[in-house]
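# Reading the structure
Read off the chains here:
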Amino acid sequence: MKKNTTAKRITKVLDAVLKTEANSASCVLAYQPKEPKSLDRFKKIK
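First, a word on scope: everything that follows refers to the structure included in this document. Keep in mind that this is a model prediction, so the values were computed, not measured.

### Re the overall build of the chain
Per the secondary structure count, the chain includes one helix and zero strands. Taking all 46 residues of the chain together, 7% fall into the buried category.

Next up, the structure:
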């Protein structure tokens with residue numbers, strides 16, 4: 001039961017991070033890599 005609750009919380013946190021990163025234009029690296037098409041579902045504006 002505790003594993004399931006922890007997994008759900010981790011999933012929520014990672015979804016929030018993906019939504020933030022999918023809508024961000026900056027990158028930590030020296031170049032902007034191509035974004036995968038699978039990130040489209042996390043974007044605010046399609």
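Let us keep going from here.
### Focus on the environment of alanine 22
Its location among the elements puts alanine 22 in helix H1 (residues 2-22). Residues alanine 22 and lysine 43, spaced 21 residues apart in sequence, show a C-alpha to C-alpha distance of 5.7 Å. Beyond its immediate stretch of four places on either side in the chain, alanine 22 contacts Leu39, Phe42 and Lys43.

Calculation rules
Residues numbered from 1 in each chain as written. Predicted model: local features only at pLDDT ≥ 70, side-chain atom pairs only at ≥ 80, totals over all residues. Heavy atoms only, no water. Helix = DSSP H or I, 4+ residues; strand = E, 2+ residues; numbered from the N terminus. Buried < 20%, exposed > 50% of the residue type's maximum accessible area, 1.4 Å probe, protein only. Contact = heavy atoms within 4.5 Å.

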